[in-house]
Structure formats: C-alpha cells, structure tokens
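# Reading the structure
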Amino acid sequence: MGTELKELILFPQYFSFSLENRIKPRHKICVEKGVCLSLPVVLKSCELRFRDWLDVCCSSSMPVRQSPFWYRKFDHNVT
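Here's a quick rundown of the structure. This one's a predicted model, so the numbers in the text were calculated from it and none came from an experiment. (Residues numbered from 1 in each chain as written. Predicted model: local features only at pLDDT ≥ 70, side-chain atom pairs only at ≥ 80, totals over all residues. Heavy atoms only, no water.)

### Overview of the packing of helix α2 (residues 19-33) against helix α4 (residues 47-58)
Taken N-terminus to C-terminus, the directions of α2 and α4 make an angle of 10 degrees; their axes are 11 Å apart at the nearest point. Compared by their axis directions, α2 and α4 come out roughly parallel. Like other packed secondary-structure pairs, α2 and α4 cross with a definite hand, here right-handed. Across from R26, I29, C30 and K33 in α2, the residues of α4 making contact are E47, F50, R51, L54 and C58. For the contact of α2 with α4, the per-class residue count stands at five nonpolar, no polar and four charged. (Axes fitted to C-alpha atoms, helices over the stretch in contact; angles between N-to-C directions. Helix = DSSP H or I, 4+ residues; strand = E, 2+ residues; numbered from the N terminus. Parallel < 35°, antiparallel > 145°, perpendicular 65-115°, else oblique. Left-handed = near helix turned anticlockwise from the far one by under 90°. Contact = heavy atoms within 4.5 Å. Nonpolar A, V, L, I, M, F, W, Y, C, P; charged D, E, K, R; others polar.)

### Observations concerning the pattern of salt bridges
Opposite charge on two side chains permits pairing when their charged atoms draw close. One pass over the full model with this rule turns up three salt bridges. Its salt-bridge partner being E47, residue R26 comes within 3.1 Å of it at the nearest N-O pair. Here E47 lies in helix α4 and R26 lies in helix α2, a separation of 21 residues in the sequence. (Salt bridge = Lys/Arg side-chain N within 4 Å of Asp/Glu carboxyl O.)

### Observations concerning the environment of V42
Topologically, V42 is positioned in helix α3 (residues 39-44). In the structure, V42 is positioned 20 residues away from R22 in sequence and 9.1 Å away in space, judged by C-alpha atoms. With near-sequence residues (within four places) excluded, V42 lies in contact with R26, C30, L37 and F50.

### Points about α4
Helix length check: α4 (12 residues) gives 16 Å between terminal C-alpha atoms against 16 Å at 1.5 Å per residue, within 8%. Restricting attention to buried positions, one finds in α4 the residues F50, W53 and L54. In a view along the axis of α4, the buried residues occupy a sector of 100 degrees, so they form one face of it. The secondary structure elements touched by the buried residues of α4 are α2 and α3. (Expected span 1.5 Å × (residues − 1). Buried < 20%, exposed > 50% of the residue type's maximum accessible area, 1.4 Å probe, protein only. Arc of directions from axis to C-beta.)

### Thoughts on α2
In this model α2 runs 20 Å from its N-terminal to its C-terminal C-alpha over 15 residues, within 8% of the 21 Å that 1.5 Å per residue would give. Buried within α2 are the following residues: I23, R26, I29 and C30. Taken down its axis, α2 places every buried residue within 140 degrees of arc, on the same side. Residues of α2 that are exposed and angled more than 90 degrees away from the buried face: E20, N21, K28, V31 and E32. Residues of α2 that are buried in the fold lie against α3 and α4. For α2, the capping residue at the N-terminal end is S18, with a side-chain oxygen 3.0 Å from the backbone nitrogen of N21. (Polar contact = N/O pair within 3.5 Å; in protein donor to acceptor, adjacent residues only side chain to side chain.)

What follows is the structure, given as structure tokens:
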C-alpha cells in the first residue's frame with residue numbers, strides 16, 4: 001500500500017480490518033483514482049462516506065492541512 005511503518009504504529013487498528021473485504025478493495029480504488037489517503041480515512045469510514053470522500057478528493061483542488069484528506073507524504077511542495 002505504500003504505507004510507512006510509522007503510520008502503522010500510529011494506527012494499529014489497521015490489523016483489525018479484513019484484508020480481503022476492506023483493505024484490498026479500498027486500496028485498489030484509491031490507486032485507480034490516484035488518491036493517497038491516510039489509513040484511518042480509508043479504513044474507518046463506512047462505504048458511503050468513503051465513496052463520498054473519494055468523489056470530493058477527485059473533483060476538487062488540493063485539500064487544506066486541517067482536512068482528513070491531507071496526507072503528510074505530499075507535504076514536500078508546501079512552504
């Protein structure tokens with residue numbers, strides 16, 4: 001998933017989600033749409049909320065830092 005070990009340490013609940021029914025399908029959708037979201041945003045939301053967030057993320061400009069869509073990995077262009 002391209003996730004850093006630090007993110008897994010900060011979100012140990014990752015291991016409580018189904019790999020086949022939750023993690024893989026949502027990861028696949030994010031990759032197809034070119035979206036990189038934090039693990040809690042991807043996994044903790046219900047299906048409808050997850051799809052809504054993807055729609056917003058794919059049809060808008062870069063999110064602000066306070067948004068759950070902000071992902072620190074892409075922070076390198078921000079001063």
